[in-house]
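Listed below are the residues making up each chain.
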Amino acid sequence: MAVYLRKGDYVMKKRLKIVFGAVLLLVVIVMASFRYYAFVSDMIYTESVSHLSEIYHQSNRSLQNFVEKNWAGMHMWADYLKDVSDETQVEKFIEHAKDENGFTDFYFVCREGNYRTVSGEKGYLDLKDELPELILHEKDTVVNSVVPGKPQIMLFLTPAVGTYQGFAYEAVAISFNNSDMVKALKISAFDNTASSYMIHTDGRVILDNAVNKQQDIYNFLAMLKKYSDLGSEEISRIQNELKQGISGATVLKIDRTGYYLVYEPAEFEDWALVGL
């Protein structure tokens, strides 16, 4: 027996096909849009990370050159100073070196860590086990230290034997506070809209070149743990890569603002350069 569709059923069926086709087309468009968005996002991320990594790699290289230049200069200064007995001449020489190289202070240091400066200042540098090792093995070193009543400083030390104002020293040192170090390195990225840090692989901050700095950061990884949207596993992964000397990058949010995080090891000590 033949079955005939009523006109209304036929129209309804046709409409359903059209609606289904439209929905299917919309789904395809949405999926394609998501894929395209993901593709563009990946491309932007890759290009941005590549660009940022290159900038911070140059900053890292500048730091290495800066360290090598300081040590080369200090070797010459140490050779010169051991043969100069005129204290006025010594003072003028060190002031000229300070103007030329931008360091904060110059120290004559004994094995125990006591120091003397050309201005007559006396004190003690907390160098832990670094100074005896420096003197025994005659090896240049750079460490963080604290002078009582002053901000943390970065010290470059080299073995040198001599006497100044009756003070027998076995090393000379120059120091940089944070602002002098940043100025000497001329670290800047994206017209000062990007922050950079030199840190130990455990996160302790050595050099802070933050933009719009509202408070001092003592441990960069602890800051990420407290304020960013990165999980503990991701932060642990970053720390492990820092310890292994592996460069890397990721994206994160701090106070609902998105950032790129780029990091790479320095070429000496257990330091790493971090860009945010």
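See the structure shown above.
The following refers to the structure shown. All figures in this text were calculated on a predicted structure; none of them were measured in a lab.

Rules behind the numbers
- Every chain is numbered on its own, with residues counted from 1 as its sequence reads.
- Under the rules for a predicted model, residues below a pLDDT of 70 receive no local features and side-chain atom pairs below 80 are neither given nor counted, while totals for whole chains, interfaces and linings still include all residues.
- Hydrogens are left out, water is left out, and the side-chain values use all remaining heavy atoms of the structure.
- Strands here are runs of E lasting at least two residues and helices are runs of H or I lasting at least four, both read from the DSSP assignment and numbered beginning at the N terminus.
- Accessibility here uses a 1.4 Å probe with only protein chains present; expressed as a share of the type maximum, an area under 20% marks a residue as buried, one over 50% as exposed, and anything in between as partly exposed.
- Contact definition: two residues touch when any of their heavy atoms are within 4.5 Å.
- In this description, accessible areas are obtained by the Shrake-Rupley approach with a 1.4 Å probe, and a residue is regarded as covered only by the protein chains that are shown.
- The rule for pairing is simple: two strands pair if DSSP sees at least two bridges between them.
- To obtain an axis, a line is fitted to C-alpha atoms, over the contacting stretch when the element is a helix, and the angle between two such axes runs from 0 to 180 degrees between their N-to-C directions.
- The rule for a salt bridge is simple: a side-chain nitrogen of Lys or Arg has to be within 4 Å of a carboxyl oxygen of Asp or Glu.
- Patch membership is restricted to residues that have no salt bridge and whose relative accessible area is over 30%. Joining uses 9 Å for like charges and 5 Å for the nonpolar side chains Val, Leu, Ile, Met, Phe, Trp and Tyr.
- This count recognises Lys and Arg as positive and Asp and Glu as negative, with His and chain-terminal groups excluded.
- Each charge is placed at NZ for Lys, CZ for Arg, CG for Asp and CD for Glu.
- To qualify as a nonpolar core, a set must consist of buried Ala, Val, Leu, Ile, Met, Phe, Trp, Tyr and Cys residues joined through side-chain atoms within 4.5 Å.

Comments concerning the overall build of the chain
Okay, so step 1: Of regular secondary structure, the chain possesses six helices and eleven strands.
Okay, so step 2: A total of 276 residues make up the chain; the buried ones form 39% of that total.
Okay, so step 3: Summarising the internal contacts of the chain: among those between residues at least 6 apart in sequence, 50% fall at separations of at least 24.
Okay, so step 4: Summed over all atoms, the accessible surface of the chain reaches about 16800 Å², with 55% contributed by carbon and sulfur.

Side note on the sheet that holds strand β9 (residues 248-254)
Okay, so step 1: An order of β8-β7-β11-β10-β9 is seen for the five strands of this open sheet, with the pairing classed as antiparallel. Taken across any chain shown, the strands that pair with only one partner, and hence form the sheet edges, are β8 (205-209) and β9. On average, each strand axis in the sheet is inclined to that of its neighbour by 20 degrees, with strand direction left out of account.
Okay, so step 2: Pairing of strand β7 (residues 196-200) with strand β11 (residues 271-275) involves five bridges; the strand directions are antiparallel. Each residue of the ladder has a partner; that of H200, found in β11, is W271.
Okay, so step 3: Helix α5 (residues 220-227) rests against β7, β8, β9, β10 (257-265) and β11 of the sheet, and its axis sits at about 45 degrees to β9.
Okay, so step 4: Of the strands in this sheet, β7, β9, β10 and β11 touch helix α6 (residues 232-243), which is tilted by about 25 degrees from β10.

Observations concerning the pattern of salt bridges
Okay, so step 1: The full count for this structure, using the stated rule, is five salt bridges.
Okay, so step 2: Residue K82 is joined to D79 by a salt bridge in which the shortest nitrogen-to-oxygen separation is 4.0 Å.
Okay, so step 3: Note that D202 and R204 form a salt bridge whose closest N and O atoms lie 2.8 Å from each other.
Okay, so step 4: Connected via shared salt-bridge partners are E234, R237 and E241.

Focus on a negative patch on the surface
Okay, so step 1: Residues E91, E95, D99 and E100 make up a contiguous surface patch of negative charge.
Okay, so step 2: Structurally, E95 can be placed in helix α2 (residues 87-101).
Okay, so step 3: According to the relative accessible area criterion, E95 is partly exposed, its value standing at 36%.

What to know about the nonpolar core
Okay, so step 1: Membership of the largest hydrophobic core comes to 40 residues, with the highest contact counts inside it found for F106, F108, F156 and W271.
Okay, so step 2: Taken together, the elements giving at least two residues each to this core come down to α1 (7-81), α2, β1 (105-109), β5 (153-164), β6 (167-176), α4 (178-185), β8 and β11.
Okay, so step 3: Ranked by residues supplied to this core, first place goes to α1 with ten residues.
Okay, so step 4: One finds F220, M223, L224 and I254 within the second-largest nonpolar core, a separate group that totals 19 residues.

By themselves, these observations are geometric and do not establish any function.
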